[in-house]
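Tertiary structure, described
Here is what each chain is made of, one letter per residue.
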Amino acid sequence: MSNFDIFIGEVTGTALLILLGGGVVAGVVLKRSKARDAGWVAISFGWGFAVMVGAYLSAPISGALLNPAVTLGLAIEGGIKWGDVPLYIASQMLGAMIGAFLVWVAYLGQFKAHLTDPEILAAQPSVEGLVDQKTAPKAGPVLGVFSTGPEVRNVVQNMLTEIIATFVLVIAILTQGLNDKGNGLGVLGVLITSFVVVGIGLSLGGPTGYAINPARDLGPRIVHALLPLPNKGGSDWSYAWIPVVAPLIGAALAGGYYNWLLK
């Protein structure tokens, strides 16, 4: 795999992942969307299908990592070279930002309708678990389209949830998704991994929204902060480090567990 292959494969695959994953959330939560109120099951399956599309496209090109946590887990396991890790992660971040921007483009009318609706703006929730609610950052009426947030704000619980969920994802990829050469996702592995993502969403997504991917959360959160969305609310930077750090910890644990006990 050349550096150009890694860059193109990861940027394109991650962009499609975020476009379809963020798109299903936008469809479910935004006003004037035909999919409004379709619910958590639709979101979980939408993200699973998003992984499938992005991974099938990029698997022959770059190995379809699409996630800095998966990249770290594979580097620890030995499936990719450590020297390629920075390029993978930078490409994934760029792809995630492009995908988030395209979600905004695709749902321009719905964003406008949602963010000018008096009922929506009046119902912006304060972040739970803070002593001074007056200084609590606003979650924002559209932040969930771009990034994750906890239902109960507790650092230890939120960290543990993301660590456990990412461990499940990475150990599934290490044991099921690699082809015989160990350099990417096989055809069946892509499908299995996609359904693993659906399962994680249904089983472990309730507490935090299951980021399980630092690029998936941080890249779109940056786009949310930059986009000219009136009344969009804050980007919740006080929480933003958790869906970055916790998935990396979960991935490192999965890689170590695989090497020590399963390999």
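Residues numbered from 1 in each chain as written. Predicted model: local features only at pLDDT ≥ 70, side-chain atom pairs only at ≥ 80, totals over all residues. Heavy atoms only, no water.

What to know about the overall build of the protein
- Counting its regular elements, the protein contains 11 helices and zero strands.
- Its helices and strands taken in sequence order, the protein reads α-α-α-α-α-α-α-α-α-α-α from the N to the C terminus.
- Expressed along its principal axes, the backbone C-alpha trace of the protein runs to roughly 55 × 35 × 30 Å.
- Relative to its full complement of 263 residues, the protein shows a buried share of 52%.
- Nonlocal contacts in the protein, meaning residues at least 24 apart in sequence, comprise 77% of its contacts between residues at least 6 apart.
- Accessible surface for the protein amounts to roughly 11500 Å². Of this, 68% is attributable to carbon and sulfur atoms. (Helix = DSSP H or I, 4+ residues; strand = E, 2+ residues; numbered from the N terminus. Buried < 20%, exposed > 50% of the residue type's maximum accessible area, 1.4 Å probe, protein only. Contact = heavy atoms within 4.5 Å. Areas by Shrake-Rupley, 256 points an atom, 1.4 Å probe, with all protein chains shown as cover.)

Points about the pattern of salt bridges
- As enumerated under the stated definition, the model contains three salt bridges in all.
- Note that K31 and D117 form a salt bridge whose closest N and O atoms lie 3.5 Å from each other. You can see K31 sitting in the loop between helix 1 (3-29) and helix 2 (40-62) and its partner D117 sitting in the loop between helix 5 (108-115) and helix 6 (118-122), a full 86 residues away along the chain.
- Linking R153 and D236 is a salt bridge whose minimum nitrogen-to-oxygen distance equals 2.5 Å. Pair noted here: R153 is in the loop between helix 7 (143-146) and helix 8 (155-177) and D236 is in the loop between helix 10 (214-226) and helix 11 (242-262), with a separation of 83 residues, a long-range link.
- What makes D236 buried here is its relative accessible area of 5%. (Salt bridge = Lys/Arg side-chain N within 4 Å of Asp/Glu carboxyl O.)

Looking at the environment of T148
- With respect to the helices, strands and loops of the structure, T148 is situated in the loop between helix 7 and helix 8.
- Residue T148 is classed as buried on the basis of its relative accessible area of 6%.
- Note: C-alpha distance between T148 and D236 (88 residues apart in sequence) is 9.6 Å.
- Those residues in contact with T148 that lie beyond four places of it in its chain are T208, G209, Y210, A211, R216, D217, R221, Y239 and P243.
- Here D217 takes part through its side chain, which lies 2.5 Å from a polar atom of the side chain of T148. (Polar contact = N/O pair within 3.5 Å; in protein donor to acceptor, adjacent residues only side chain to side chain.)

A word on unusual backbone geometry
- Positive phi, normally seen in glycine, also occurs at R32, with a value near 65 degrees.
- The topology assignment puts R32 in the loop between helix 1 and helix 2.
- For I212, which is not a glycine, the phi torsion comes out positive at approximately 45 degrees.
- In this fold, I212 is placed in the loop between helix 9 (187-204) and helix 10.
- Classification of I212 as buried rests on a relative accessible area of 5%.

Considering a nonpolar patch on the surface
- On the surface, F4, F7, I8, L94, I98, F101, L102, V105 and L108 cluster together into a nonpolar patch covering about 730 Å² of accessible area.
- It is helix 4 (residues 85-106) that provides the largest number of residues to the nonpolar patch, a total of five residues.
- Structurally, L94 can be placed in helix 4. (Patch = residues over 30% accessible without salt bridge, like charges linked within 9 Å, V, L, I, M, F, W, Y side chains within 5 Å.)

Describing the confidence of the model for the protein
- The predicted model of the protein has a mean per-residue pLDDT of 90, with 90% of residues at 70 or higher.
- Highest mean pLDDT in the protein belongs to helix 4 (98); lowest belongs to helix 6 (82). (pLDDT = per-residue confidence, 0-100.)

Notes on the packing of helix 3 (residues 68-77) against helix 11
- Taken N-terminus to C-terminus, the directions of helix 3 and helix 11 make an angle of 25 degrees; their axes are 8 Å apart at the nearest point. Between helix 3 and helix 11, the angle falls in the class roughly parallel. As for how helix 3 packs across helix 11, the hand of that crossing is right-handed. Packed against helix 3, whose contacting residues are P68, A69, L72, G73, I76 and E77, the element helix 11 presents P247, L248, A251, A252, G255, G256, Y258 and N259 at the interface.
- Here the residues of the contact of helix 3 with helix 11 sort into nine nonpolar, four polar and one charged. (Axes fitted to C-alpha atoms, helices over the stretch in contact; angles between N-to-C directions. Parallel < 35°, antiparallel > 145°, perpendicular 65-115°, else oblique. Left-handed = near helix turned anticlockwise from the far one by under 90°. Nonpolar A, V, L, I, M, F, W, Y, C, P; charged D, E, K, R; others polar.)

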